[in-house]
Amino acid sequence: NDEGRALEAANYIWHELLPLLTKTMKDNSGHQMPVDGIAVTELLHSRGINCRYLGRLATLAGAEEAKDLAAQKDVQEGKLSKLPRRVMPLCWLEILECEIVARAAKHVLDSYLTENCGAAALRPAQTIAAFLSALLST
């Protein structure tokens, strides 16, 4: 019974709340655009959405950006007379992606510092510098 209700709640979030939040971000209605991870987390939590859905939100934002680019191309080719009034803010996907990378990096770095009885924690500056170098290098 509890498992069924949890599945029902997850389906509601996946199919209803996340697309609704994406539409809200595109329409720029009823919110301020989050500028950092804390604001994204607060926005999601205020709507009953867990941060585990960041990937789904990024996928939806990417799909909306693709629609906007297709509409822009159609206008340039004369297939449409004007662009849609509302477009997905490009910063929304960037903020989501940054938060996904930051959360993943935090978990990886935490595991580096705690594995082998915390051997890497004896030299945290070197461990963190090497980790950031690997993360940020090309």
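Residues numbered from 1 in each chain as written. Predicted model: local features only at pLDDT ≥ 70, side-chain atom pairs only at ≥ 80, totals over all residues. Heavy atoms only, no water.

Draft legend 1. Structural view of the overall build of the protein chain. On a plain count of helices and strands, the protein chain comes out with five helices and zero strands. For the protein chain, the succession of helices and strands along the chain, N to C, is α-α-α-α-α. Seen through its principal axes, the protein chain has C-alpha atoms that stretch 65 × 50 × 25 Å. In the protein chain, which comprises 138 residues, the share counted as buried stands at 29%. In the protein chain, the share of contacts with a sequence separation of at least 24, taken over all contacts with a separation of at least 6, comes to 61%. For the protein chain, the exposed surface amounts to about 9,500 Å²; the carbon and sulfur share of it is 57%. A gap of 5 Å separates the mean positions of the 15 positive and 17 negative side-chain charges of the protein chain. (Helix = DSSP H or I, 4+ residues; strand = E, 2+ residues; numbered from the N terminus. Buried < 20%, exposed > 50% of the residue type's maximum accessible area, 1.4 Å probe, protein only. Contact = heavy atoms within 4.5 Å. Areas by Shrake-Rupley, 256 points an atom, 1.4 Å probe, with all protein chains shown as cover. Lys, Arg positive; Asp, Glu negative; His and termini not counted. Charge placed at Lys NZ, Arg CZ, Asp CG, Glu CD.)

Draft legend 2. Spatial organisation of the packing of aromatic side chains. Counted under the stated rule, the structure contains two aromatic pairs. Measuring from centroid to centroid gives 6.3 Å for Trp14 and Tyr53, while their planes differ by 65°, and the two rings are edge-to-face. Linking Trp14 in helix H1 (residues 2-27) with Tyr53 in the loop between helix H2 (37-46) and helix H3 (54-76), this pair joins segments that are 39 residues apart in sequence. Judged by relative accessible area, which is 35%, Trp14 ranks as partly exposed. Accessibility expressed as a relative area gives 11% for Tyr53, which makes it buried. (Phe/Tyr/Trp six-rings, centres within 6.5 Å; stacked < 30°, edge-to-face > 60°.)

Draft legend 3. Fine view of the pattern of salt bridges. This model, assessed by the stated rule, comprises six salt bridges. A salt bridge links Glu64 to Lys26, with the nearest nitrogen and oxygen atoms 2.7 Å apart. Placement of the pair is Glu64 in helix H3 and Lys26 in helix H1, with a sequence separation of 38 residues. Each member of the pair Glu64 and Lys26 is classed as buried. Between Lys67 and Glu64 there is a salt bridge, with its nearest N and O atoms 3.3 Å apart. Of the two residues, Lys67 and Glu64 both sit in helix H3, three residues apart, roughly one turn of that helix. Judged by relative accessible area, Glu64 falls into the buried class, the value being 16%. Where salt bridges share partners, they join Lys26, Glu64, Lys67 and Asp68 into one cluster. (Salt bridge = Lys/Arg side-chain N within 4 Å of Asp/Glu carboxyl O.)

Draft legend 4. Quick peek at H3. Look at H3: 33 Å from first C-alpha to last across 23 residues, which is about the 33 Å you get at 1.5 Å a residue. Residues of H3 that are buried: Leu54, Arg56, Leu57, Ala58, Leu60, Ala61, Glu64, Glu65, Asp68 and Ala71. Backbone geometry just after H3 places Gly78 at a positive phi near 85°. (Expected span 1.5 Å × (residues − 1).)

Draft legend 5. Just the packing of helix H4 (residues 90-118) against helix H5 (residues 124-136), in detail. Packing of H4 against H5 leaves a shortest axis separation of 11 Å and a crossing angle of 140°. Pair H4 / H5 crosses with right-handed handedness. Listed contacts from H5 to Val101, Ala105, Val108, Leu109, Tyr112 and Leu113 of H4 are Pro124, Thr127, Ile128, Phe131 and Leu135. Residues of the contact of H4 with H5, tallied by class, amount to 10 nonpolar, one polar and no charged. (Axes fitted to C-alpha atoms, helices over the stretch in contact; angles between N-to-C directions. Left-handed = near helix turned anticlockwise from the far one by under 90°. Nonpolar A, V, L, I, M, F, W, Y, C, P; charged D, E, K, R; others polar.)

Structural measurements only, silent on function.
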